[in-house]
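# Descriptive analysis of the structure
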Amino acid sequence: MLAAPLARLLDHVSLRHPIPARIVLWDGTDVPLGPDPRVAIRLRDPKAVRYFMPPSLDALGDAYVDGAIDIDGAARDAIAVVAELASQGTASMVGKLPHWARRHTRQSDRQAIAYHYDVSNAFYQKFLDSRMVYSCAYFRHDDDDLEAAQLAKLDHVCRKLRLRPGMRLLDIGCGWGALVIHAAGRYGCKAVGVTLSENQRDLAIERVAAAGLADRVEIRLQHYLDIPREQPFDRIASIGMFEHVGLKHLGEYFKRIGELLRPGGMALNHGITSADPDSRSVGLGGGDFIGRHVFPDGELPHVALAITELSRGGLELVDAESLRRHYGRTLWAWSDRFEENLDALGELAGEQRMRIWRAYLAGCAHAFDQGWINIYQLLVGRPVHRGRLLDIDHPMTRDYQYVDD
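All values reported here derive from a predicted model rather than from experimental measurement.

Turning our eyes to something else, we now look at helix α9 (residues 250-260). Buried residues of α9: Leu250, Tyr253, Phe254, Arg256, Ile257, Gly258 and Leu260, and no others. Buried-residue contacts for α9 involve β5 (168-172), β8 (233-239), β9 (261-274) and α11 (303-312).

Following this line, the structure appears as structure tokens:
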């Protein structure tokens, strides 16, 4: 009985919108959805049908994570097929707020970060670059590999902030320390990195010591709201962190950045944004899957909301750059590395978590490619009166950002 409604859906899909895939039912029935199938979706038992009624990225992602279905084929092909199937069976998800928790206390923030980042350092080392930069890379050239692009991103951030020897840099959400190590080693600044992940903190301290920079770099296990304001910083970077802040707390977040920044100083916020002008979830249910399995407490504002809130916090927007296409390419590079190490990653994190991450990386890459989400670098300053001028420590043009090495 369960097979009948599914068969009707599949017939509708194959006739109205052929997809290069096939569905293999629990009894061995093979149902092609179009010519030249590159992907096979295998339903393990009749209970798997419920994930298809109707299909969405959220439901089909859960089916894969729960082991109700298996998917044969390359991750790039699989996510494209699943998205096509979801688009045929699901109404637009615009207007549906994601099911992410919105309390965002210090305790809930720590728990959310621990859930995502404290899998194990070895897990992330299997698919990130050697510096373990877990954020969007910057592909300056078409033939750049992930290593080159992540180094270019670190330089791009440091150049935008115009780091100079002796400056004090704060990195909010410092990860495994790549930016603070690069900034101190190459640009001569003194850096403080804060994270809520003990795994990240411990490895970052080791990496700082190995680089011989313990006298210039400090790594703290600390919430950004608990950073003392008595000694403001010349520069602040927040890379891939404000997604965890929550829509209701964006104003408080940018206000605190302003309080931690010396008058005239500059800050750079690098974060993922929603494509929906009202900061609602888009993408055929993909946001719900990510909120439930990958980023608890995550919320994505539209860039317009971010700019509004930073302005209310007394900061002046100087430069805004979209890196959407860069992040799609970054995620596919991570996804490809993940595919090459599935067995090892399953041993490190368990079968279910491996499945979550496999679906998440390919799904996010697809989402950036489709423009469902974006990522912006927002360069801001804390204006200060100098005589009759309201000024910031920033050049009049962008020329300084693009000096060749």
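Reading across the sheet, the four strands line up as β2-β1-β3-β4 and stay open at both edges, with mixed pairing between neighbours. Looking along the sheet, the strands with just one partner apiece sit at the ends: β2 (30-32) and β4 (69-72). Adjacent strand axes in the sheet meet at a mean angle of 20°, parallel and antiparallel pairs treated alike. By the bridge criterion, four bridges tie strand β3 (residues 39-43) to β4 in an arrangement that is antiparallel. Paired with Arg42 across the two strands is Asp70, which belongs to β4.

A word on the nonpolar core. Grouped together as the largest cluster of nonpolar side chains are 70 residues, with contacts concentrated most on Tyr124, Phe127 and Trp357. Top element by residues in this core is helix α14 (residues 351-370). It accounts for 10 residues. Listed in part, the 30 residues of the second largest apolar core include Val133, Ala178, Tyr187 and Val208.

With that settled, consider the packing of aromatic side chains. Scanning the entire structure with this criterion turns up 19 aromatic pairs. Each member of the aromatic cluster is reached from another via a ring pair, and the members are Phe123, Tyr124, Phe127, Tyr134, Trp176, Tyr327, Trp334, Phe338, Trp357, Tyr360 and Phe368. Above the face of the Phe233 ring, Arg168 is positioned so that its terminal group lies 4.2 Å from the ring centre. Over the face of the ring belonging to Tyr64 we find Arg355, whose NZ or CZ atom lies 4.5 Å from the ring centre.

Here the focus is the pairing of strand β6 (residues 190-195). Burial within β6 is extensive, with five of its six residues counted as buried. Here β5 pairs with β6 via five bridges, running parallel. Note on β6: the bridge partner recorded for Ile172 is Val194. Note that the unit made of β5, helix α7 (residues 178-187) and β6 has a crossover that is right-handed. With five bridges joining them, β6 and strand β7 (residues 217-221) adopt parallel strand pairing. Looking across to β7, one finds that Thr195 is bridged to Leu221. With helix α8 (residues 198-210) bridging β6 and the parallel β7, this β-α-β connection has right-handed handedness.

Applying the stated criterion across every chain, the model contains 24 salt bridges. In this structure, Arg186 engages Asp155 in a salt bridge whose closest nitrogen and oxygen atoms are separated by 2.9 Å. Note that Arg186 is positioned in helix α7 and Asp155 in helix α6 (residues 146-161), a separation of 31 residues in sequence. Judged by relative accessible area, Arg186 falls into the partly exposed class, the value being 46%. On the basis of relative accessible area, Asp155 is assigned to the buried category, the value being 5%. For the salt bridge of Asp393 with Arg164, the shortest nitrogen-to-oxygen distance reads 3.3 Å. One end of the pair, Asp393, is in the segment after β13 (389-391); the other, Arg164, is in the loop between α6 and β5, and 229 residues separate them in sequence.

About the criteria used
One numbering rule holds for all chains: residues counted from 1, following each sequence as written. Selection of residues for local features in this predicted model requires a pLDDT of at least 70, selection of side-chain atom pairs for listing and counting requires 80 or more, and totals for whole chains, interfaces and linings are taken over all residues. No hydrogens and no water enter the side-chain calculation; it runs on all heavy atoms of the structure. Only protein chains enter the accessibility calculation, which uses a 1.4 Å probe. A residue is then buried if its area is under 20% of the maximum for its type, exposed if over 50%, and partly exposed in between. Strands here mean DSSP runs of E at least two residues long; helices mean DSSP runs of H or I at least four residues long; both are numbered from the N terminus. Contacts are residue-level and defined by heavy atoms, with any inter-residue pair within 4.5 Å sufficient. Two strands pair under a simple rule: DSSP has to find at least two bridges between them. Axis definition: a line fitted to C-alpha atoms, over the contacting stretch in the case of helices. Angles run 0 to 180 degrees between N-to-C directions. As used in this record, nonpolar core signifies buried Ala, Val, Leu, Ile, Met, Phe, Trp, Tyr and Cys residues forming a set joined through side-chain atoms within 4.5 Å. Between 30 and 60 degrees the pair is tilted, below 30 it is stacked and above 60 it is edge-to-face, where a pair is any two Phe, Tyr or Trp rings, Trp via its six-membered ring, whose centres lie within 6.5 Å. Here, a charge over a ring is recorded when the distance from Lys NZ or Arg CZ to the ring centre is within 6 Å and its angle to the ring normal is within 35 degrees. By definition, the crossover connecting two strands over a helix is right-handed if that path, from the first strand to the second, turns clockwise as seen with the strands pointing away from the viewer. Every case where a carboxyl oxygen of Asp or Glu lies within 4 Å of a side-chain nitrogen of Lys or Arg is listed as a salt bridge.

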